[in-house]
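If you want the building blocks of each chain, they are given just below.
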Amino acid sequence: MKPSVISSQYKDPVSPVIPRSRRGASPDTVPLLPPLKWAGGKRWQIPHLRPLWEPHTRRRLVEPFCGGLAVALGLRPARALLNDINPHVIAFYGWLKRGLRIDLPMRNDERLYYAHRARFNEQLAAGRAKDRETVALFYYLNRTGYNGLCRFNRKGAFNVPFGRYTTITYRRDFSSYRDAFARWEFTSRDLEKIPLERGDFIYADPPYDVEFTDYSKEGFTWEDQVRAAEWLARHRGPVVLSNQATDRIVSLYETLGFTLQYHAAPRRISCTGDRSPAREVLAIKGF
Ligand SMILES: C[S@@+](CC[C@H](N)C(=O)[O-])C[C@H]1O[C@@H](n2cnc3c(N)ncnc32)[C@H](O)[C@@H]1O
């Protein structure tokens, strides 16, 4: 794939200010930004999710598809179980919980990028995916690589090319995440293996349904969408599902008895310059 030029500078979104008085929220709610660039971040949904979450802040937040953590960091639950199939992102969060400091050289430099990418792949091949050095390299590659992509070849080697940013801000000290993460558990497993508690509040944001095909980009099939929907429908506590409002997603969640809300998602400027908003759905149950 030849990458086309995208935005020249990545800007972190503005972090919300969270009132100290919020019940059940972590005591020192210093606003924290998602530490990685992650496709499909749902920070824009926080104003829609907050009224749903507010009456339930004493519950544990469970995210089967936590990705870049925009929702957990936006809501700041005291307790959470955050899961994603991507083991690298979960290993990185595990280190943030321990108060990660990065001492690798980090610069927006093509030679350094490919040297760090080669070292990261060496570490994976040697079975050292969870080492501090490996997660630090993962952070650097995420910041510096093309569009924040996380992609591997058939042999399991990370193969994202150098990015096209004019300026990148690198963070070295992640100790401010330690307190927020203290009672957050991170796992990387199939959603049906997540040890749910009866009263958990689930926010599920699977890969978008791509209509007229069985496979989405991330290999999340229509069958997976149905399996996730049925798993969510069986849960007794409050559930919020987010997805693209395709006809079949709408009909699936309606059939399972969810209430639907529609929202226009801000869309990043695509290669074709299309700025039209995507229509998204929040399917809600158990409130
Ligand atoms: C739309 S993103 C979630 C974004 C997240 N809500 C945020 O705000 O950053 C979907 C996530 O699902 C994960 N994923 C894909 N297939 C999965 C599976 N079978 N089980 C768990 N996670 C999966 C991907 O790695 C990706 O991080």
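If you're wondering where the values come from, they're calculated on a predicted model, not measured in any experiment.

A. Focus on helix H7 (residues 222–234). For H7, built from 13 residues, the straight-helix expectation of 18 Å at 1.5 Å per residue is met to within 8% by its first-to-last C-alpha distance of 19 Å. Its buried side turned inward, H7 meets strand E4 (201–204), strand E5 (239–244) and helix H8 (247–255).

B. Region of interest: the site of the ligand. Residues in contact with the ligand amount to 19 residues; listed here are only the nearest, Gly40, Phe65, Gly67, Gly68 and Ala70. Broken down by class, the residue content of the shell around the ligand amounts to 10 nonpolar, five polar and four charged.

C. Summary view of the nonpolar core. Counting 56 residues, the largest nonpolar core has Ala72, Leu82, Phe92, Leu96 and Leu241 as its most contacted members. When residues in this core are grouped by element, the largest group, seven residues, is from helix H5 (residues 132–144). Here this core spans two domains, since at least three of its residues come from each of domain 1 (43–96 + 179–285) and domain 2 (102–162). Beyond its immediate sequence surroundings of up to four residues, leucine 241 is in contact with Ala204, Leu232, Tyr253, Phe258 and Ala283.

D. Main features of the sheet that holds strand E3 (residues 184–187). Read from one edge of the open sheet, seven strands run E3-E2-E1-E4-E5-E7-E6, paired in mixed fashion. Sheet topology places E3 and strand E6 (259–265) at the edges, where each strand pairs with a single neighbour. Across the sheet, the mean angle from the axis of one strand to that of its neighbour is 15°, orientation sign disregarded. Pairing of E4 with E5, which is carried by three bridges, proceeds in the parallel orientation. Looking at the pairing, alanine 204 lines up with leucine 241 of E5.

E. Geometry of the packing of helix H3 (residues 87–97) against H5. Where H3 contacts H5, the two axes come as close as 9 Å, and the packing angle between them is 115°. Judged by the angle between their axes, H3 and H5 are roughly perpendicular. For the pair H3 and H5, the crossing hand works out as left-handed. Taking contact as the criterion, the partners of His88, Ala91, Phe92 and Trp95 in H3 are, on H5, Arg132, Val135, Phe138 and Tyr139.

Rules behind the numbers
- Residues numbered from 1 in each chain as written.
- Predicted model: local features only at pLDDT ≥ 70, side-chain atom pairs only at ≥ 80, totals over all residues.
- Helix = DSSP H or I, 4+ residues; strand = E, 2+ residues; numbered from the N terminus.
- Expected span 1.5 Å × (residues − 1).
- Contact = placed C-beta atoms within 7 Å.
- Near = placed C-beta within 6 Å.
- Nonpolar A, V, L, I, M, F, W, Y, C, P; charged D, E, K, R; others polar.
- Core = buried A, V, L, I, M, F, W, Y, C linked by C-beta atoms within 7 Å.
- Buried ≥ 20, exposed ≤ 12 C-beta atoms within 10 Å, placed from the backbone.
- Domains from an automatic or database assignment.
- Pairing = 2+ DSSP bridges.
- Axes fitted to C-alpha atoms, helices over the stretch in contact; angles between N-to-C directions.
- Parallel < 35°, antiparallel > 145°, perpendicular 65-115°, else oblique.
- Left-handed = near helix turned anticlockwise from the far one by under 90°.

All quantities given are derived from atomic positions and should not be read as evidence of function.
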